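Observations on chain architecture
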Amino acid sequence: MQESELQALHEAAKAGATWKDLAAVIGVSDRTLRRWREDLEEAELYAEGYFEDLEDEELRPIPEDAAQVLAAIHAGRAEGRQELIDTIRRQATEKNDLRTLMALLKRMDSMD
């Protein structure tokens, strides 16, 4: 995956795109993206090379750039959350109306 594509993915995640939207950006189904995420998280629990000698047909291949894709998404999400937190703090100190604060908190909850 090219750097510009990873940056676009990062920006989409930062803006609060859903997992389904993010999957569409890279041209896979949301189920495939979820599977990559689960498989990569599971693989981190095992020593490197643990799955290499297994001949289990249920093991699904993961593209080499899946880790980069997920890293871009997680970084974008973290950056977007931080921006929302900063906005909420700024709004709170300026004593703006509660509706604005609640809308921002609701958006932040939907980013998970």
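Residues numbered from 1 in each chain as written. Predicted model: local features only at pLDDT ≥ 70, side-chain atom pairs only at ≥ 80, totals over all residues. Heavy atoms only, no water.

Ranked by internal contacts, the top residues of the largest apolar core, which has 16 residues, are L22, L33, V69 and I73. Those elements that provide at least two residues to this core are α1 (3-14), α2 (19-26), α3 (30-43) and α4 (66-94). The leading source of residues in this core is α4, at 5 residues. Excluding residues that lie within four positions of it along the chain, L33 makes contacts with W19, L22, A23, I26, V28, V69, L70 and I73. (Core = buried A, V, L, I, M, F, W, Y, C linked by side-chain atoms within 4.5 Å. Buried < 20%, exposed > 50% of the residue type's maximum accessible area, 1.4 Å probe, protein only. Helix = DSSP H or I, 4+ residues; strand = E, 2+ residues; numbered from the N terminus. Contact = heavy atoms within 4.5 Å.)

Moving on: α2. Listed in full, the buried residues belonging to α2 are W19, L22, A23 and I26. All buried residues of α2 project into a common sector of 100° when viewed along the axis, lining one side. Away from its buried face, by an angle of more than 90 degrees, α2 presents the exposed residues K20 and A24. (Arc of directions from axis to C-beta.)

For the structure on display, the rule yields 3 salt bridges. Taking the shortest distance from any N to any O, the salt bridge between E79 and K14 comes out at 2.9 Å. Here E79 is found in helix α4, whereas its partner K14 is found in helix α1, with 65 residues between them in sequence. The class of E79 is partly exposed, set by a relative accessible area of 33%. Given a relative accessible area of 17%, K14 falls into the buried group. Across the pair D39 and R35 runs a salt bridge, and its minimum N-O distance is 4.0 Å. Highlighted residues: D39 and R35, both in helix α3, separated by 4 residues, approximately one helical turn. Across this residue pair, the class does not change: D39 and R35 are buried. (Salt bridge = Lys/Arg side-chain N within 4 Å of Asp/Glu carboxyl O.)

So, about the packing of aromatic side chains. Applying the stated criterion to the full structure yields 0 aromatic pairs. Across the ring face of W19, the terminal group of R37 is positioned such that the distance to the ring centre comes to 4.2 Å. (Phe/Tyr/Trp six-rings, centres within 6.5 Å; stacked < 30°, edge-to-face > 60°. Lys NZ or Arg CZ within 6 Å of the ring centre and 35° of its normal.)

Packed helix pairs are specified by the crossing angle of their axes together with the interaxial distance, meaning the distance between the axes. Interaxial distance between α2 and α4 falls to 12 Å at its minimum, and their mutual angle equals 135°. Judged by the angle between their axes, α2 and α4 are oblique. Between α2 and α4 lies a crossing of right-handed hand. Contact residues: α2 offers W19, L22 and I26, while α4 offers V69, L70, I73, H74 and R77. Here the contact of α2 with α4 is composed, by residue class, of 6 nonpolar, 1 polar and 1 charged. (Axes fitted to C-alpha atoms, helices over the stretch in contact; angles between N-to-C directions. Parallel < 35°, antiparallel > 145°, perpendicular 65-115°, else oblique. Left-handed = near helix turned anticlockwise from the far one by under 90°. Nonpolar A, V, L, I, M, F, W, Y, C, P; charged D, E, K, R; others polar.)

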